[in-house]
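The chain contents come next:
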Amino acid sequence: MEESHAINPFRYGGVVPAEAFCNRTQEVHDLTRACKNADRLFVYAERRMGKTSLVKQVLGRLPADQYVPVYIDLWPTDSTTSFVITMAKALTEAAATRRDRLLDTARNLFSRLQPSISVDETGAPSLQFGLQMGQAPPPLLESVLATPPAISQRLGRRVVIVFDEFQQIEAYEDRLVERVLRSAIQMQNEIAYLFLGSRKHLIEQMFADRNRPLYRSAGHYPLTSIALHHWTPFIEQRFGATEKAITPALIKALCTLTDGHPFYTQHLAHAVWERTPLGEAAQPRTLDEALAILLRREGYAFATRWETLTRNQQRFLRGLAASPAGTPPFSSYFVQTYGLRTPSNAQRAANSLLKLDLIDREDGSYVISDRFFKLWIRAL
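Residues numbered from 1 in each chain as written. Predicted model: local features only at pLDDT ≥ 70, side-chain atom pairs only at ≥ 80, totals over all residues. Heavy atoms only, no water.

> Explain the environment of Leu291 here, please?
As for its placement among the helices and strands, Leu291 is situated in helix H12 (residues 284-307). In this structure Leu291 comes out as buried when scored by relative accessible area, which is 13%. Separated by 22 residues in the primary sequence, Leu291 and Ala269 have C-alpha atoms spaced 9.6 Å apart. Excluding its chain neighbours within four sequence positions, the residues that come into contact with Leu291 are Leu257, Leu268 and Leu375. (Helix = DSSP H or I, 4+ residues; strand = E, 2+ residues; numbered from the N terminus. Buried < 20%, exposed > 50% of the residue type's maximum accessible area, 1.4 Å probe, protein only. Contact = heavy atoms within 4.5 Å.)

See the structure below:
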């Protein structure tokens, strides 16, 4: 195999840069319009579907002289206090006109949170707040959530707030954030809010349950897999640009394995590209070898995960892995074929696997979230 000095053109994991971003043209347009219209949208999808990459593409295209994008990652938060600190830091960094004005901006906006500046390991200034865990009473939360309009007025630009991994607030000990957030956004008609979530069943509880504070406070925007007719030119072009080739038929076979899911499609395409010699075309055996390598690398983790599951959970997953998309998992055929015995056993298995984040709801059925785990189960 002749060595190629070209950089692999397929990216997976982390935020995908613009040049490695596949399609999503309609989604970029829709979310850009939502930002400009000061809409409130709940953008939800399975994990690794590319929500963060998509939204950062949108934020990056907003005119800097007209908009202040504020990206808030809630994944590390575990309480109302950490929510307050995380949001205050994101708002300050977005509102500061220069890096050396961070502390002045923080003091102007959040003096009650005791802001200070330290230096990180790279020598860059790092904003800190003196608020301790458990010290975020409702007035402080209300004050932080009321800040976006003040920033908008101060800078003369529209503010766009993005909460990533919004379902994380379900882990908080109280529902204070939900209640105060609902009151705040009702009064902020000029501020756009995008709520990103990857555990759909948790997010749907917040926005679809009439007993929850955020009931119908945002529109729904589901993000799905990318269609084959978008993947084909994308993958073909990247192989061709690096002096390699791949046929549409092989791309179809690859996307069938990954269901067109962005993370797993880019990951498998990355592995196929690596095994394709310079100046040659990928072959069916190349795809088989690439997939075998990926499953072997994950084999120990998959086996460990599998051994922690109950017999009924394993049977339910075997059924999903072997069945076409959309198969009714509580039908008598599914239940009998995969040894679940009764629909109630299947329902209990599904509920527990949802909580473990191993499956997700999809069009009245379920999907195994990790496509490589699905292929590993299928091979058992």
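There's more to say after this.
> Looking at this structure, how should I read the state of the cysteines?
Should the sulfur atoms of two cysteines be covalently bonded, the bond is a disulfide. One pass over the full model with this rule turns up zero disulfides. There is no disulfide at Cys255, and the cysteine sulfur nearest it, in Cys22, is 8.4 Å away. Taking the relative accessible area as the measure of exposure, Cys255 reaches 7% and is therefore buried. (Disulfide = S-S within 2.5 Å.)

> How should I be thinking about the confidence of the model for the protein chain in this particular structure?
Should the pLDDT be low somewhere, the predicted coordinates at that spot are not to be read in detail. Averaged over every residue, the pLDDT of the protein chain is 92; residues scoring 70 or more account for 98%. Mean pLDDT values over the elements of the protein chain span from 76, in helix H8 (residues 200-208), up to 98, in helix H10 (residues 248-258). (pLDDT = per-residue confidence, 0-100.)

> Sorry if this is basic, but what is going on with the environment of Tyr71 here?
Along the chain, Tyr71 turns up in strand S2 (residues 67-73). Tyr71 gets classed as partly exposed once you look at its relative accessible area, which sits at 24%. Along the chain, Tyr71 and Val335 lie 264 residues apart, while their C-alpha atoms are 44 Å from each other. In this structure, Tyr71 is in contact with Thr52, Lys56, Leu59, Ala90, Val162 and Asp164, ignoring residues within four places of it in sequence. Among the polar contacts listed, one links the side chain of Tyr71 to the side chain of Asp164, at a separation of 2.5 Å. (Polar contact = N/O pair within 3.5 Å; in protein donor to acceptor, adjacent residues only side chain to side chain.)

> How should the pattern of salt bridges be read in this particular structure?
Oppositely charged side chains are able to pair whenever their charged atoms sit close together. All chains considered together, the criterion is met by 12 salt bridges. For the salt bridge of Arg371 with Glu46, the shortest nitrogen-to-oxygen distance reads 2.7 Å. Placement of the pair is Arg371 in helix H16 (residues 371-379) and Glu46 in the loop between strand S1 (40-44) and helix H2 (51-61), with a sequence separation of 325 residues. No difference in accessibility class separates Arg371 from Glu46, as the two residues are buried. Among the salt bridges present, the one from Glu289 reaches Arg275, with a minimum N-O distance of 3.2 Å. In this pair, Glu289 is assigned in helix H12 and Arg275 in the loop between helix H11 (262-274) and H12, connecting sequence segments 14 residues apart. For Arg275, a relative accessible area of 30% translates into the label partly exposed. Residues participating in the shared-partner salt-bridge network are Glu46, Asp259, Arg371 and Lys374. (Salt bridge = Lys/Arg side-chain N within 4 Å of Asp/Glu carboxyl O.)

> Can you help me understand the side chain of Ser217 in this one?
Position of Ser217 among the secondary structure elements: in the loop between H8 and strand S7 (219-222). On the basis of relative accessibility, which here comes to 13%, the residue Ser217 falls in the buried class.

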